[in-house]
Every structure is written in C-alpha cells, then in structure tokens.
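Analysis of the macromolecular model
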Amino acid sequence: MYKIAVLPGDGIGPEVVNEALKVLNAIERKYGVDFETAIYPFGGIAIDKTGDPYPAETQEACLKSDAVLLGAVGGPKWDALPGSKRPEAGLLALRKSLNVYANLRPAILYEPLKNASPLKAEIVGDGLDVLVVRELTGGIYFGTRGREKTDTGYKAYDTEIYSTEEIKRIAKVAFDAAMKRKKKVTSVDKANILESSRLWRETVEEVAKDYPEVTLEHMYVDNASMQLIKNPRQFDVIVTSNMFGDILSDEASMLTGSIGMLPSASLRDDRVGLYEPVHGSAPDIAGTKKANPLATILSVAMMLRYSFDMEDAARDIEDAVLSVLKKGYRTQDIMQDGMILVNTVEMGDLVVEEIRG
Ligand code: NAD
C-alpha cells in the first residue's frame, strides 16, 4: 500500500487537490488498489496554525511517504512577511528535504485545445507532447558564488559545477521516461563553450549505451530555444541542466497556452516524488469554483506512472481528460466559443465518470 502525503496549501490549492483525490479514489476502485492518503498543513495555512510554512509534523509525514501531492501555496495574506517566513519558503524547504533532483515538466497541448497555443496551427498540428527533464539540485544555482570589490565597482561570479554522478542519474531518468514514450532524448547543453557541458555530453552518451532503443541527439541550448518555437513536434524528452531547464521548461509550457493544464513531478533515485501543478494559488479566483483542476489531476497521473509504476492507470487518467475536453467541457481559463462551461467540481466529476466508463 502506497502512502501519499497530501498538502492542499492555500488559495485554489485545496479546491484542485479535492478533485485530484476524487480521481485517485476512482483509480483505487477500478484497479483494486489502496492508497493511504493523509492531509497535512503546508504554506500559509500552516503559518496561521504553527508559525511555520513547513511544520515538523508535515515534514515527518512527507519523509515517510512514497509520494507527496501538493496543491499550491501563497496569497496576499502572507505577502508582507519576511522572505524566510513566507509560504513560498516552505516550497524550497519541502523540495530540499525530499532531495528530489529530477524535475519532470510535460508540456502537453491537447488536440481540442490547440487554438490556445500562441503558435500557428500548422506548427502545432494535432497537438504537442514534450517532456522537459530538468536537473534540480546541482549546477550554477548551487555552485560557488561571490562578489569582489574592484577599482571601479564589483565583479560577481556564479559557478556551473556538475559531477559524472549527477549527470548520470538525471540522464537515466530521461531515458527511462523516453522508454515509456516515443523513445527519443534530446540532451541540451552548451558544449561548444562550457567544459561542464562537455562532461554532460560525454556522460549522457555513456548512459545512452544502456538504452539501445532510444534515439539520442544533442542540441545547443540557443538552438533548442529556437527549435521549440520553430518545430516543437520534433521533441519527445528534453534533458538538461538546472538553469537551461528552468528557462526551457517555461518556454515549452507556454507553447500550450494554458497554465491550468500543466502538471509536474520531482523525483529522486528511489522514485519517491513530489507532484504538483505548475500554477500557483491563484488568489484572484480562490473560492469561486473557477479553478481548473486538470493540472493537479494530471499530476496524479504522473504519480501513478513515475512513483507507483502504474502506467495503465496513468494513461487512463490522461485519456479521461482528453475525452472530457473532446466532449467540449471547459473551465473558464480554457473556455472557447461553443463549448460547455463547467466549474472546478463539475470538471472533477466528469473526469471521474470517464474513468468509471
Ligand atoms: P498563479 O499561477 O497563482 O496565477 C496566475 C494567473 O493564472 C491568475 O490569473 C490565475 O487566476 C490563473 N490561474 C492559475 N492557476 C489556475 C487554474 N488552475 N485555473 C484557472 N486559472 C488559473 O500565479 P501568481 O498570481 O503569480 O501567484 C499567486 C500566488 O501563488 C503567489 O502567492 C505566488 O507566490 C504563489 N505561487 C505558488 C506556487 C506554488 O505553490 N508552486 C507557484 C507559483 C506561484
């Protein structure tokens, strides 16, 4: 029995997490499995209760779980607090405590929503499905940095550092993911200039030898940022460093045009994972039932795929979402002329009905 710590958080977080739990429940019944879920305070609501965005009780539960499902945190109520006391500080502490080094961000543009993409119809075709695998705990965001005084002002530096081990483990995540998809990995680097990128490239090539079925290509990051706009359908899995991934995953997600649809996963070696929608707590629509729960529901699909190895159940959820969209149901953020407007709860119910069949 898998243990899931559920952290609904603030704003629309609890609303979208509720719908995701309904979907998880439908999967339990259909597949005859049992997940042990328990809800813990996190973010602003935890600050109100305990003064800490990531209280000890929540931390202990997360560290004992097989997966963590997070809604979103933050809101105007806590905006005036100093940085280290804000709900968002809890996010960093959570990621750090779980030691999740691989961030998986799929940018999926479902065919019924293809008009939402800022790209032309002929580029988007029948939709997009790109998975960005970003290294999350190394590279320039964690390397030595500093500032020195000079005669005219200052000079400052940050250091990009990657070890063979760090590159190997993220490459494996990318190749494993590709094996469950279209079996293509594009490794993005700047090996024409950076030594760390040259080690990255060599190491990815070594790992590739264990995955003969997967096609590997290398691409410089400047070219990759162009190719994502010019011909995004050439990509299946993109694997890259922390900083390049930070930028490219946002670029890729914007190709889909709808933040309410984007799930994410952060994993470590034993496949314990943190699953959360890409969006924030959307205080502007909290409590109005306007939130789109699909990003969180799709995060549950990722949980089943990557932490619990339940590929069929994951596909079941993704197919159910596609089916609901094909039938014309839309929350307000993805509403188009001629479609049927539904609220957060109705959208969750529709996905559950599809899963039940
Ligand atoms: P946001 O993602 O919360 O909202 C941006 C816009 O997108 C808003 O107009 C919102 O209504 C809309 N939106 C977001 N999710 C939606 C959904 N599921 N359905 C429909 N519409 C949706 O970003 P923001 O406004 O910059 O931040 C609001 C708060 O969330 C801040 O406190 C911020 O720090 C926090 N935040 C938290 C996380 C997280 O918990 N991982 C991520 C980003 C921002």
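This text goes with the structure placed above it.
As a convention, each chain's residues are numbered from 1 in the sequence order in which they are written. Owing to the predicted nature of the model, reporting of local features is limited to residues with pLDDT of at least 70; listing and counting of side-chain atom pairs is limited to 80 or more, with chain, interface and lining totals taken over all residues. Side-chain calculation: all heavy atoms of the structure are included, whereas hydrogens and water are not.

Attention now goes to the overall build of the protein. To qualify as a helix, a DSSP run of H or I must reach at least 4 residues; to qualify as a strand, a run of E must reach at least 2; elements of each kind are numbered from the N terminus. When helices and strands are counted, the protein shows twelve helices and 14 strands. Rg of the C-alpha trace for the protein: 20 Å, near the compact-globule value of 21 Å for 357 residues, within the 12% margin. Taken along its principal axes, the extent of the C-alpha atoms in the protein is 60 × 50 × 40 Å. For the protein, the proportion of its 357 residues judged to be buried stands at 53%. Any pair of residues with heavy atoms lying within 4.5 Å of one another is described as a contacting pair. Counted over contacts in the protein with a minimum sequence separation of 6, partners at least 24 positions apart contribute 74%. We get accessible surface area from the Shrake-Rupley algorithm with a probe of 1.4 Å; when it comes to residues, only the shown protein chains can shield them. Roughly 15,900 Å² of accessible area belongs to the protein as shown, and the carbon and sulfur atoms make up 51% of that amount. Within these notes, the globule rule equals 2.2 Å times the number of residues to the 0.38 power, and the radius of gyration is based on C-alpha atoms. The buried label applies to any residue whose accessible area, calculated with a 1.4 Å probe on protein chains only, is under 20% of its type's maximum; exposed applies above 50%, and partly exposed to all values in between.

A single heavy atom is enough: if one lies within 4 Å of a molecule or strand, its residue is considered near that molecule or strand. In the neighbourhood of the ligand, 20 residues make up the surrounding shell, with Glu 88, Gly 280, Ala 282, Asp 284 and Asn 292 lying closest. Gly 75 places a main-chain nitrogen or oxygen 3.2 Å from an oxygen atom of the ligand. N or O atoms within 3.5 Å of each other form a polar contact, as long as, within protein, one can give a hydrogen and the other can take it, and as long as residues adjacent in sequence are counted only when both atoms are side-chain atoms. Between a nitrogen atom of the ligand and a main-chain N or O atom of Asn 292, the distance comes to 2.8 Å. Expressed as a share of its isolated accessible area of 800 Å², the protein-covered part of the ligand is 69%.

Time to look at the sheet that holds strand β10 (residues 237-240). In this scheme, strands are said to pair when DSSP sees at least two bridges between them. Read from one edge to the other, the open sheet built from ten strands follows the order β2-β1-β3-β12-β11-β4-β5-β10-β8-β9, with strand pairing classed as mixed. Edge strands, defined here as strands with exactly one partner in the open sheet, are β2 (35-39) and β9 (215-220). Neighbour-to-neighbour, the strand axes of the sheet open up by a mean angle of 20°, direction not taken into account. By the bridge criterion, five bridges tie strand β1 (residues 2-9) to strand β3 (residues 67-72) in an arrangement that is parallel. Bridged to Ala 5 within β3 is Val 68. Think of each axis as a best-fit line through the C-alpha atoms, taken over the contacting stretch in the case of a helix, with angles from 0 to 180 degrees between the N-to-C directions. Of the strands in this sheet, β1, β2 and β3 touch helix α1 (residues 13-31), which is tilted by about 155° from β1.

Our focus in this paragraph is the nonpolar core. Residues Leu 104 and Leu 304 are the most contacted members of the largest nonpolar core, which totals 84 residues. Domain assignment of the residues forming this core places at least three in each of domain 1 (1-113 + 260-357) and domain 2 (118-255). In contact with Leu 304, not counting residues within four places along its chain, are Leu 24, Ile 27, Phe 35, Asp 309, Met 310, Ala 313, Ala 314 and Ile 317. In this structure, Ala 5, Tyr 54, Val 68 and Leu 94 belong to the second largest nonpolar core, which totals 13 residues. Within this scheme, the nonpolar core is defined by two criteria: the residues are buried Ala, Val, Leu, Ile, Met, Phe, Trp, Tyr or Cys, and they are joined through side-chain atoms within 4.5 Å. Either an automatic procedure or a domain database provided the assignment from which the domain bounds are taken.

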